[in-house]
Amino acid sequence: MQEAVDRTRQNGQGPSFAHSPTIAIIGAGVAGLCMGIELKKAGISSFTIFEKSDRLGGTWYDNSYPGAGCDVPSHLYCLSFEPNPDWSRKFSLQPEIEDYLDHCAVKYSLFRHIRFRTEIAGASFDEQQGLWRIRTTTGEELSAHVLVSATGQLNRPHVPKLVGLDSFEGTTFHSARWNHDHDLAGERVAVIGNGASAIQFIPCIARVARKVTIFQRSANYVVPRFDRAYKAWEKWIFRNVPFALRLYRALIYWRLEARFFGFFRDSWISRKVREGALAHLREEVSDPALVEKLTPDYPIGCKRILISDDYYESLARPNVEVVTEPIQGVTRDSIVTQGGTSRSFDTIVFATGFETTSFLAPMEIEGLGGRKLAEEWRTGAEAYLGVALSGYPNLFLLYGPNTNLGHNSIIFMIECQVNYVLQCIGQLLRRNLLYLDVRREAMDRYNEQVQRAIEKTAWAAGCQSWYKTEQGKVTNNWSGFTVEYWWKTRAPDWNAYELVPRA
Ligand code: NAP
């Protein structure tokens, strides 16, 4: 990439780019920061990262609920070129991950590129100029040659429209907007949802609340996390013994990668993993009625497998109750379930996940000929390699459609995508292109392959999950091993693109 930039400068090419194309990146989470760092490493500094919050970190800024942490091992859940020998635990908690991202931004001088409190409302492609015309929510108009969306899949909280919710007089908030000013000590707390977020904060709030009532719509598989702090001597080895950290990271990567075998639908391994998870449930929970409530009725892996050392333990507390009757409605001070049982609460915490399948929404994106992305994605989002969209030139997505994982680190996928986007930007420069646009046939062919492969996985089995649209199309997950994705994204196939030169 650096070579491409240098060569372009030496040849005196690319006057329209004034050395480098201008690049707008939306979102200062892991993906946006990684993109910025790699651009800088490639010698391109004509980029701005637009961030709607007043801090960087993305999901790791938003999700500050008690106990928030990562269920991917720390030494893999970090950028490959910026290892951290000092991770304090096998699975880091949110403050440590936020500190790590701050460290990366400082080390690579990214702060001067980030515009905080700037939310992008939409963008349309100006075909004549080869520019994205970008609008902020305050009406400001900007432009950039290249637009990179790094908004991720989990940034818009989902709050269900429960009947009567507006009439509730107590406190309500979503897990990704935790109200730290509100003390739950001594309160009767309702938690709606029991996904990856809920199982992390329930053990924490159960220690202080008078009563915690969990409204569980579907049971989840839970496996142990085996978390622990790293010892001083281990950190010393990571820091001082050549290659120790790299080797350790590689071992974690391949161990996690092998877990994908368990995601093949109806496979022998998936049956063994299911048996293991149910044995863990029976070991941890002694009450047979509770075991029954907590036993999932769908194949393992269909929804995210949860990883916890203390969730089941917290359910055995006398002040914790699991309710499985569907919620009928909310009153001034209570939640009423089907059958008419009413329970009173001081606070309702929504651990109900995110709007996951609408991807770039609510941004309005218009491509060639005024086509609207929201309309094209009505039946489900799709992209080429999860990165490029036919008809939307010079637009790249990070952590886009069909790039989420159930078995390995999403940061690995993000690095693959950033590498790919850099090569596309290099091509724009090298060939002095007005734009590059992935061909429709290439994108369709790719998505047919992905959907065919997904049919063989647990995600396509019979359950509703955040990986799927309401119609059942899996739009969020990658269909295979991450090495396969790395292989496909290691270098762009330019035959898949229409390369449009400047006049
Ligand atoms: P989630 O997995 O989507 O869970 C949402 C929960 O809310 C589910 O239990 C769901 O029930 C329930 N729910 C939704 N609407 C409901 C309604 N109308 N009535 C009753 N219950 C309702 O969301 P999340 O827990 O925030 O996690 C989202 C994702 O974030 C995770 O899967 C994971 O990828 C990521 N995450 C990662 C970590 C990490 O450690 N890396 C930690 C937290 C989160 P159903 O199951 O029946 O739909």
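Note: the structure precedes this text.
The following refers to the structure shown. Computed from a predicted model, the values in this text were never measured in an experiment. Each chain has its residues counted from 1, following the order in which its sequence is written. With pLDDT at 70 or above as the cut-off, local features in this predicted model cover only qualifying residues; side-chain atom pairs require 80 or more to be listed or tallied, and sums for whole chains, interfaces and linings still use all residues. Computation of side-chain values: all heavy atoms of the structure, hydrogens and water removed.

## Observations regarding the overall build of the chain
Consideration 1: Numbered from the N terminus, helices here are DSSP runs of H or I no shorter than four residues, and strands are runs of E no shorter than two. For the chain, the count of helices and strands is 14 helices and 21 strands.
Consideration 2: Principal axes of the C-alpha set define a box for the chain whose edges measure 75 × 55 × 45 Å.
Consideration 3: With a 1.4 Å probe rolled over the protein chains alone, any residue whose accessible area is under 20% of its type maximum counts as buried; one over 50% counts as exposed, and the rest are partly exposed. Counting only residues that meet the buried cut, the chain has 55% of its 503 residues in that class.
Consideration 4: With an accessible surface of roughly 21,900 Å², the chain has 51% of that area assigned to carbon and sulfur atoms.
Consideration 5: In this tally, Asp and Glu contribute negative charge and Lys and Arg positive charge; neither His nor the terminal groups of the chain are included. Charge coordinates come from a single atom per side chain, which is NZ of Lys, CZ of Arg, CG of Asp or CD of Glu. Where the 57 positive side-chain charges of the chain centre and where its 56 negative ones centre are 4 Å apart. The method behind every accessible area is Shrake-Rupley, applied with a 1.4 Å probe, and residues are considered shielded solely by the protein chains displayed.

## Section: the pairing of strand β2 (residues 47–50)
Consideration 1: Note on pairing: DSSP must find at least two bridges between two strands before they are called paired. Alignment of strand β1 (residues 23–26) against β2, held across four bridges, turns out to be parallel. Counted as the bridge partner of Ile25 is Ile49 from β2.
Consideration 2: Where the polypeptide runs from β1 across helix α2 (residues 30–41) and back to β2, its parallel neighbour, the crossover connection is right-handed.
Consideration 3: In this sheet, strand β3 (residues 114–115) lies alongside β2 in parallel orientation, the contact comprising two bridges. The handedness rule is simple: strands pointing away from the viewer, and a clockwise path from the first strand over the helix to the second, make the crossover right-handed.

## Thoughts on the state of the cysteines
Consideration 1: Throughout, a disulfide means two cysteine sulfur atoms within 2.5 Å of one another. By the definition in use, this model includes one disulfide.
Consideration 2: Free of any disulfide, Cys204 has its nearest cysteine sulfur in Cys70, 16 Å distant.
Consideration 3: What makes Cys204 partly exposed here is its relative accessible area of 22%.
Consideration 4: Cysteine Cys424 remains unbridged, with the sulfur of Cys416 as its closest cysteine sulfur at 14 Å.
Consideration 5: When its relative accessible area of 0% is taken as the criterion, Cys424 is described as buried.

## Quick look at the sheet that holds strand β8 (residues 171–174)
Consideration 1: Spatial ordering of the open sheet is given by β8-β17-β9-β10-β13, a layout of five strands whose pairing is parallel. Both outer strands of the open sheet, β8 and β13 (320–323), are each paired with one neighbouring strand and no more. In this sheet, neighbouring strand axes are inclined to one another by 20° on average, regardless of whether the strands run parallel or antiparallel.
Consideration 2: Note that β8 and strand β17 (residues 347–350) share four bridges and pair parallel. Bridge pairing in β17 places Thr171 opposite Thr347. Every axis in this analysis is a line fitted to C-alpha atoms, fitted for helices over the stretch in contact. Angles between the N-to-C directions lie between 0 and 180 degrees.

## Quick look at the side chain of Asn84
Consideration 1: Residue placement: Asn84 occurs in the loop between α3 (59–62) and α4 (94–107).
Consideration 2: Overall, the relative accessible area of 16% leaves Asn84 in the buried class.
Consideration 3: In the analysis that follows, any N or O atom pair within 3.5 Å is treated as a polar contact, provided that within protein one partner can donate a hydrogen and the other can accept it, and provided that, for residues neighboring in sequence, both atoms belong to side chains. Separated by 2.9 Å, the side chain of Asn84 and the backbone nitrogen of Asp86 make a polar contact.

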